[in-house]
Amino acid sequence: MTKTLDLGCGPEPKNPFNADEVFGVDVRDLGSNIRAADLVVEPIPFDSNAFEYVTAHDFIEHIPRLIYAPQRRNAFIEVMNEVWRVLKEGGLFLSMTPAYPHATTFRDPTHVNFITDETFPLYFDYQNRWAKIYGFRGAFRIEMQEWRGVHLLTVMKKVVLPDTPNP
């Protein structure tokens, strides 16, 4: 029985991997299998190692890189830590986000996190892990990355390294 979690799902969580069970997280309380949480300041409200898949369609660009609430926090890094935490080992994270250099990336005033085609491979891939200096505790392997119009589609697999203890 496979499970997927869609972040920022709205009333209809997406299920691109055709998982058996579909769950979502949104800032609004939408009932059913959708839990309410503001992931800028709250953890993903599910257990560790609970999902084979986590997806984020038009979501990552809304997570600020840095906030003061009241102390300095790297909200985007914390969200990525949470994604890694709720995925099972070998689980897949799919991000579909408008990305630089496309104007759509900057046009919407709620877009506060600008992704490039180097963000995930350099900061979150197990070979580089540059985000570790900002508090990223996990590791992913980039499975694929491609442009879909103005959107950058990235699929990453959770890996557990000696210094990334599985939660």
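We now turn to the structure provided with this report. Remember, it's a predicted structure, so these values are computed and weren't measured experimentally.

The next thing to look at is the environment of Val 112. You can see Val 112 is positioned in the loop between α2 (104-107) and α3 (119-123). Through-space distance from the C-alpha of Val 112 to that of Ile 63 is 6.5 Å; in sequence the pair is 49 residues apart. Residues within four places of Val 112 in sequence aside, it is in contact with Glu 61, His 62, Ile 63 and Pro 64.

This part is about the sheet that holds strand β2 (residues 21-26). Spatially, seven strands are ordered β3-β2-β1-β4-β7-β9-β8 in an open sheet, and the strand pairing comes out mixed. Of all the strands in the sheet, the pair left with one neighbour each is β3 (34-36) and β8 (140-148). Shown here is a sheet whose adjacent strand axes are inclined to one another by a mean of 15°, direction ignored. Where β2 meets β3, three bridges bridge the pair, whose relative direction is parallel. Residue Gly 24 lies in a different strand from β3, and its bridge partner there is Ile 34. Contacts from helix α1 (residues 75-86) reach β1 (3-7), β4 (51-57), β7 (87-98), β8 and β9 (151-158), with the element oriented near 140° to β7.

Our next topic: the environment of Trp 130. Assignment of secondary structure puts Trp 130 in the loop between α3 and β8. Separated by 10 residues in the primary sequence, Trp 130 and Phe 120 place their C-alpha atoms 9.7 Å from one another. Discounting chain neighbours no more than four positions away, the residues touching Trp 130 are Leu 122 and Tyr 123.

The next thing to look at is the pairing of β4. β4 sits mainly inside the fold: seven of its seven residues count as buried. Alignment of β1 against β4, held across four bridges, turns out to be parallel. Across the sheet, the residue bridging to Thr 4 is Tyr 53, located in β4. With six bridges joining them, β4 and β7 adopt parallel strand pairing. When the sheet's bridge partners are listed, Val 54 is paired in β7 with Phe 93.

So, about the nonpolar core. One recurring pattern in soluble globular proteins: nonpolar side chains tend to sit buried together. Of all hydrophobic cores here, the largest spans 36 residues; its most connected members are Leu 5, Leu 7, Phe 93, Phe 124 and Phe 140. For this core, the element with the highest residue contribution is α1, accounting for eight residues. Leave out the neighbours within four places in its chain, and Phe 140 touches Met 80, Val 83, Trp 84, Leu 87, Phe 93, Phe 124, Asp 125, Tyr 126, Met 156, Lys 157, Lys 158 and Val 159. Judged by nonpolar contacts, the second largest core, of seven residues, contains Leu 94, Met 96, Leu 153 and Val 155.

Here we take up the pattern of salt bridges. Per the counting criterion, the structure on display carries six salt bridges. When the shortest N-O distance is used, the salt bridge between Glu 82 and Arg 85 registers 2.7 Å. With Glu 82 and Arg 85 both in helix α1, this residue pair falls three residues apart, about one helical turn. Of the two residues, Glu 82 and Arg 85, neither departs from the other in class, the shared state being buried. We note a salt bridge from Arg 148 to Glu 146, for which the minimum N-O separation is 2.7 Å. The class for Glu 146 is partly exposed, based on a relative accessible area of 30%.

Reading the values: rules and limits
- Residues numbered from 1 in each chain as written.
- Predicted model: local features only at pLDDT ≥ 70, side-chain atom pairs only at ≥ 80, totals over all residues.
- Heavy atoms only, no water.
- Helix = DSSP H or I, 4+ residues; strand = E, 2+ residues; numbered from the N terminus.
- Contact = heavy atoms within 4.5 Å.
- Pairing = 2+ DSSP bridges.
- Axes fitted to C-alpha atoms, helices over the stretch in contact; angles between N-to-C directions.
- Buried < 20%, exposed > 50% of the residue type's maximum accessible area, 1.4 Å probe, protein only.
- Core = buried A, V, L, I, M, F, W, Y, C linked by side-chain atoms within 4.5 Å.
- Salt bridge = Lys/Arg side-chain N within 4 Å of Asp/Glu carboxyl O.

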